[in-house]
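# Report on the structure
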Amino acid sequence: MKISEIDGAEDVESLLSIVSTHTDDAEQLRPARKQLLKELGEVRTNRHFYVGLENGTVVAMIQLVLNNADNDPELANGEDIAHTHNLQVRSELQGRGIGRRMMEFVEEKAREMGKKTLTLGVDDSNERAAGLYRKLGYRLFKEEPGRVDSEKCLFMRKSV
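Described below are features of the structure shown in this document. All figures in this text were calculated on a predicted structure; none of them were measured in a lab. (Residues numbered from 1 in each chain as written. Predicted model: local features only at pLDDT ≥ 70, side-chain atom pairs only at ≥ 80, totals over all residues. Heavy atoms only, no water.)

## Examining the overall build of the protein chain
- Helix and strand content of the protein chain: four helices and seven strands.
- Each helix (α) and strand (β) of the protein chain, taken in turn from the N terminus, gives the series β-α-α-β-β-β-α-β-α-β-β.
- Expressed as a percentage of the 160 residues in the protein chain, the buried residues total 44%.
- For the protein chain, long-range pairs separated by at least 24 residues make up 59% of all intrachain contacts whose partners lie at least 6 apart in sequence.
- Carbon together with sulfur atoms contributes 44% to the accessible area of the protein chain, which is approximately 8,800 Å² in total. (Helix = DSSP H or I, 4+ residues; strand = E, 2+ residues; numbered from the N terminus. Buried < 20%, exposed > 50% of the residue type's maximum accessible area, 1.4 Å probe, protein only. Contact = heavy atoms within 4.5 Å. Areas by Shrake-Rupley, 256 points an atom, 1.4 Å probe, with all protein chains shown as cover.)

## Details of the nonpolar core
- Membership of the largest hydrophobic core comes to 25 residues, with the highest contact counts inside it found for Leu 64, Val 122, Tyr 133 and Tyr 138.
- Only β3 (57-65), β4 (81-89), α3 (98-112), β5 (117-123), α4 (127-135) and β7 (152-159) provide two or more residues apiece to this core.
- Looking at which element gives the most residues to this core, the answer is α3, with five residues.
- Setting aside residues up to four positions removed in sequence, Tyr 138 forms contacts with Met 103, Glu 107, Leu 118, Leu 120, Tyr 133, Met 156, Arg 157 and Lys 158.
- Counting residues in hydrophobic clusters, the runner-up holds nine residues, among them Ile 6, Leu 15, Leu 36 and Leu 40. (Core = buried A, V, L, I, M, F, W, Y, C linked by side-chain atoms within 4.5 Å.)

## Examining the sheet that holds β4
- Here we have seven strands laid out as an open sheet, ordered β1-β2-β3-β4-β5-β7-β6, and mixed in their pairing. Edge positions in the open sheet fall to β1 (2-6) and β6 (139-145), since each of these has one partner strand only. Here the strands of the sheet are splayed against their neighbours by 25° on average, with no regard to which way each runs.
- Here β6 runs beside β7; their pairing, made up of six bridges, is antiparallel. Within the sheet, the bridge partner assigned to Arg 139 lies in β7 and is Arg 157. (Pairing = 2+ DSSP bridges. Axes fitted to C-alpha atoms, helices over the stretch in contact; angles between N-to-C directions.)

Given below as structure tokens:
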């Protein structure tokens, strides 16, 4: 797999194709498309987008947010703390180490930018992702209510 930074001019549909492997509900994809377009507007100013490519197809994506992640300086402060956001791997390719490679890549990029700490948020119901992050050395530092009443968002961090 090749990992590349994108400049925002990429086809949004190719990025959304990763998300669509997790759902076939057009109603769920509509807000994802809107959010992705908003986030792409911050490319290289506050966000860095990285994609994993296999045979020219986008198979994974992740963002590195430099400042104001969820308006919380504990998550990204524009100085030494950055936030990983929206790691996505095509559903049929999960379990093959792609997520781990994307995280390791983004950690290296953060170090190159002079960041000392990386943070991330994960829903407590996403046990597979939370397990990956723990294996990579991320530790819980706070919890907040999730998007639905039955969920919590776990915020984790790691020194890089």
